[in-house]
Amino acid sequence: MSIWFNKSLKLADLETTGAGTMSEFLDMQFVELGDDYIKMKMPVDHRTKQPYGLLHGGASCALAETAASLASQLVLDPKKFICVGIEINANHIQSARDGFVTAITRPLHLGATTHVWDIKIYDDKEKLICISRLTLAILNKAF
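Below: a short report on this structure.

Here is what the cut-offs are and how they apply
- Each chain carries its own residue numbering, running from 1 in the direction its sequence is written.
- Selection of residues for local features in this predicted model requires a pLDDT of at least 70, selection of side-chain atom pairs for listing and counting requires 80 or more, and totals for whole chains, interfaces and linings are taken over all residues.
- Think of the side-chain values as coming from all heavy atoms in the structure, minus any hydrogens and water.
- Helix and strand definitions here come from DSSP, where helices need a minimum of 4 consecutive H or I residues and strands a minimum of 2 consecutive E residues; each element is numbered from the N-terminal end.
- All radius of gyration figures rest on C-alpha atoms, and the globule criterion is 2.2 Å times the number of residues raised to 0.38.
- Each residue's exposure class comes from its accessible area (1.4 Å probe, protein chains only) as a fraction of the maximum for that residue type: buried when under 20%, exposed when over 50%, partly exposed otherwise.
- In this analysis, two residues are considered to be in contact whenever any of their non-hydrogen atoms come within 4.5 Å of each other.
- Each accessible area is a Shrake-Rupley result for a 1.4 Å probe, and residues are judged covered by the shown protein chains and nothing else.
- Each pair of aromatic rings taken from Phe, Tyr and Trp, with Trp reduced to its six-membered ring, is defined by centres within 6.5 Å and is described as stacked if the planes are under 30 degrees apart, edge-to-face if over 60, and tilted in the remaining cases.
- Distance and angle both matter: a charge sits over a ring if NZ of Lys or CZ of Arg is within 6 Å of the ring centre and within 35 degrees of the ring normal.
- Two strands qualify as a pair provided that DSSP identifies no fewer than 2 bridges between them.
- Convention adopted: a line fitted to C-alpha atoms gives each axis, helices being fitted over their contacting stretch, and angles between N-to-C directions are expressed from 0 to 180 degrees.

With that settled, the discussion passes to the overall build of the chain. A count of helices and strands for the chain gives two helices and six strands. For the chain, the sequential pattern of α-helices and β-strands runs α-β-β-α-β-β-β-β. In summary, the chain has a C-alpha radius of gyration of 15 Å against a globular reference of 15 Å for 143 residues, a match within 12%. Along the longest, intermediate and shortest principal axes, the C-alpha atoms of the chain span 45 × 30 × 30 Å. Counting every position in the chain, which comprises 143 residues, the buried fraction comes to 38%. Considering only contacts within the chain whose residues lie at least 6 apart along the sequence, 61% involve residues at least 24 apart. About 7,900 Å² of surface is accessible on the chain, with carbon and sulfur atoms providing 54% of the total.

Written out as structure tokens, the structure reads:
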């Protein structure tokens, strides 16, 4: 059973979500929408690498937070609630030098005032690059 507020949600509905934001600048793209997960990918290129030619840890965090924040918002009634990140952590297991990295986010906790999401990022060879966790505060829209 789907966890999304809009039970008829489709992947195509998400395509313009990041227009004009960091996710557009970093060319993050939605890959898959499941009943309880979202997959997003991001290129490993001049925008997302650090000076040693490796994927920047901050870029991994940006991908993780983008995927999980959007997933969290999709669980909520958008007329009543918004969500904001309050804590993110990341363990950088390996790095990537090129290609794409793909984030898969699933909920660990979907409460009334907080959501916690698990995000795993893999490279093109399906090697684990980063494990992240994002905690979000759920706020009434008329705050």
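Still more to cover.
Turning to the packing of aromatic side chains, a few remarks are in order. On inspection of all chains with the given rule, the structure shows zero aromatic pairs. Positioned over the ring face of Phe100 is Lys41, at 4.4 Å from the centre of the ring.

Turning our attention to the sheet that holds strand 1 (residues 29–33). Here six strands make up an open sheet; going across it, the order is 1-2-4-5-6-3 and the pairing antiparallel. Whereas interior strands pair on both sides, the edge strands pair on one side only; in this sheet they are strand 1 and strand 3 (81–92). Strand after strand, the sheet turns through a mean of 25° between neighbouring axes, direction not considered. In this sheet, strand 6 (residues 128–140) lies alongside strand 3 in antiparallel orientation, the contact comprising eleven bridges. Directly across from Asn91, in strand 6, lies its bridge partner Ile131. Helix-sheet contacts for helix 2 (residues 57–75) involve strand 1, strand 2 (38–43), strand 3, strand 4 (100–110), strand 5 (114–122) and strand 6, and the interaxial angle to strand 3 is about 145°.

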